[in-house]
Amino acid sequence: MRVTHALVQLAAALMAAPDDRHWGYRLSRASGVRSGAMYPRLTQMLAEGWLEDGWEPAGETGGRPPRRYYTVTGKGKAELGALLERAAADERFRGARLGWA
């Protein structure tokens, strides 16, 4: 997967809470990555096995349509952690928000 600023920012947002369910809107806000760049990266991460997805249970929706969520897999934690380690040492990503656990 090509390492871009969008991917690094998204990885940092996911790894800030790697055991949580992540919603698209919240990920976009946390990472600063717009949906047009974010969703293709999420699709790639799903294909690589870094993420799993699902739909919010009907009992949690409060009457609105269910939201799709993403969770980081064990493989994803290892891969995203390694990606962030490499990004931290890469001049291209100086100034990027890499504040993850």
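Before reading further, recall that the structure is shown in the block above.
Residues numbered from 1 in each chain as written. Predicted model: local features only at pLDDT ≥ 70, side-chain atom pairs only at ≥ 80, totals over all residues. Heavy atoms only, no water.

Caption draft 1: How the structure looks around the overall build of the protein chain. Counting secondary structure elements, the protein chain contains 4 helices and 3 strands. The order of α-helices and β-strands along the protein chain, N terminus first, is α-β-α-α-β-β-α. Its C-alpha radius of gyration of 14 Å places the protein chain within 12% of the 13 Å reference for a compact globule of 101 residues. Taken over the C-alpha atoms alone, the protein chain extends approximately 45 × 25 × 25 Å along its principal axes. Here the protein chain, with 101 residues, has 40% of them falling under the buried criterion. (Helix = DSSP H or I, 4+ residues; strand = E, 2+ residues; numbered from the N terminus. Rg over C-alpha atoms; globule rule 2.2 N^0.38 Å. Buried < 20%, exposed > 50% of the residue type's maximum accessible area, 1.4 Å probe, protein only.)

Caption draft 2: The packing of aromatic side chains, seen in detail. Within this structure, the stated rule accounts for 1 aromatic pair. Where tryptophan 23 meets tyrosine 69, the ring centres are 5.7 Å apart and the plane angle is 85°; that geometry is what we call edge-to-face. With a gap of 46 residues between them, tryptophan 23 in strand β1 (residues 22-23) and tyrosine 69 in strand β3 (residues 68-72) connect regions that are remote in the sequence. The side chain of arginine 21 reaches across the aromatic face of tyrosine 69, ending 5.0 Å from its centre. A cation over a ring is seen here: arginine 67 above tryptophan 23, with NZ or CZ 4.1 Å from the ring centre. (Phe/Tyr/Trp six-rings, centres within 6.5 Å; stacked < 30°, edge-to-face > 60°. Lys NZ or Arg CZ within 6 Å of the ring centre and 35° of its normal.)

Caption draft 3: Geometry of the side chain of serine 31. Structurally, serine 31 is set in helix α2 (residues 24-31). Using a relative accessible area of 2% as the deciding quantity, one classes serine 31 as buried. From its side chain, serine 31 meets the backbone oxygen of leucine 27 in a polar contact 2.7 Å long. (Polar contact = N/O pair within 3.5 Å; in protein donor to acceptor, adjacent residues only side chain to side chain.)

Caption draft 4: Local environment of the nonpolar core. Of all hydrophobic cores here, the largest spans 23 residues; its most connected members are Leu14, Leu27, Met45 and Leu80. When residues of this core are traced back to their parent elements, those giving at least two are α1 (5-15), α3 (35-48), β3 and α4 (74-88). Examining the composition of this core, we find that 9 residues originate from one element, α1, more than from any other. Sequence-distant contacts of leucine 27, defined by excluding residues within four places in its chain, comprise Leu10, Ala13, Leu14, His22, Gly32, Met38, Leu42 and Tyr70. (Core = buried A, V, L, I, M, F, W, Y, C linked by side-chain atoms within 4.5 Å. Contact = heavy atoms within 4.5 Å.)

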